[in-house]
Amino acid sequence: GAGVSQSPSNKVTEKGKDVELRCDPISGHTALYWYRQSLGQGLEFLIYFQGNSAPDKSGLPSDRFSAERTGGSVSTLTIQRTQQEDSAVYLCASSRYGTSKGPDTQYFGPGTRLTVL
Amino acid sequence: AQTVTQSQPEMSVQEAETVTLSCTYDTSENNYYLFWYKQPPSRQMILVIRQEAYKQQNATENRFSVNFQKAAKSFSLKISDSQLGDTAMYFCAFMVTQGGSEKLVFGKGTKLTVNP
């Protein structure tokens, strides 16, 4: 079946602009995760969604970052007033059950490369 | 806090030979999960292998196997009969489950090059 998809593949924006990154998880997967991959910080957890539960936002680096998941499926990560340090690859992953049935394997999308000029 | 350390930033191996990538981690938990992911230049993170800490038997997936030493908190990946397509970044990851949430904590990665 189809894997996790993300759009756009690449995004170039100017400092101060807002950007939206989209993630379509694998059909039927109840858990969705966002990670950020940068040269300086490596791979960092940003946010976790599980079904209708309140998301775990503990990894979001500032209040300029927000995410939502509509209808338990598609997710959008929004970065407001982008800064140059936001430049990174943003990876989305999904898993079938998340924590609801014990730790689960996460399947990743191809990522969105964000460049802030 | 859980941490994952990959001490080899880069490695290279000849095609058809065997290579081992190192990973150590730090945790006070007794039950947990460990993963190796591969990231080729396409950026797609691909699951290579997974190990449950409560299982004493080392996980194996075709040419990929792990040496899981729980007491030493070591989780190395062995790639046998290396192929050119194995060239990629390899990330070791530890799954943290807490308060109804879960996340992967990754090491810094090892860049593996398979030479013809």
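Residues numbered from 1 in each chain as written. Chains lettered and ligands numbered in written order. Predicted model: local features only at pLDDT ≥ 70, side-chain atom pairs only at ≥ 80, totals over all residues. Heavy atoms only, no water.

Peer 1: What's the story with unusual backbone geometry in this structure? I'm lost.
Peer 2: Among all residues except glycine, the phi angle is most often negative; among peptide bonds, the trans geometry is most common. With an omega of -10°, the peptide bond between A:Ser7 and A:Pro8 qualifies as cis. Checked against the element boundaries, A:Pro8 lands in the loop between strand S1 (5-7) and strand S2 (10-13). At B:Ala16, a position not held by glycine, the phi torsion is positive, near 80°. By the secondary structure assignment, B:Ala16 is in the loop between strand S2 (10-14) and strand S3 (19-21). The phi angle at B:Asn62 is positive, at roughly 55°, despite the residue not being glycine. Within the fold, B:Asn62 resides in the loop between strand S7 (60-61) and strand S8 (64-69). (Helix = DSSP H or I, 4+ residues; strand = E, 2+ residues; numbered from the N terminus.)

Peer 1: Looking at this model, I keep getting lost on the state of the cysteines. Mind explaining?
Peer 2: Chemically, a disulfide is nothing more than a covalent bond linking the sulfur atoms of two cysteines. Evaluated as defined, the whole model comprises 2 disulfides over all chains. One disulfide in the model links A:Cys23 with A:Cys92; its S-S distance is 1.8 Å. Torsion about the S-S bond of the A:Cys23 and A:Cys92 cystine: about -65°, corresponding to left-handed handedness. Taken together, the residues span a long stretch of sequence, with A:Cys23 in strand S3 (residues 19-24) and A:Cys92 in strand S8 (residues 88-95) at a distance of 69 residues. Taken as a pair, A:Cys23 and A:Cys92 share a single burial class, namely buried. Note that B:Cys23 is cross-linked by a disulfide to B:Cys92, the S-S spacing being 2.0 Å. For the disulfide bridge between B:Cys23 and B:Cys92, the dihedral angle about the S-S bond is near -70°, and by the sign convention the bridge is left-handed. Taken as a pair, B:Cys23 in the loop between S3 and strand S4 (24-26) and B:Cys92 in strand S10 (residues 88-98) lie far apart in primary sequence, 69 residues in all. (Disulfide = S-S within 2.5 Å. Buried < 20%, exposed > 50% of the residue type's maximum accessible area, 1.4 Å probe, protein only.)

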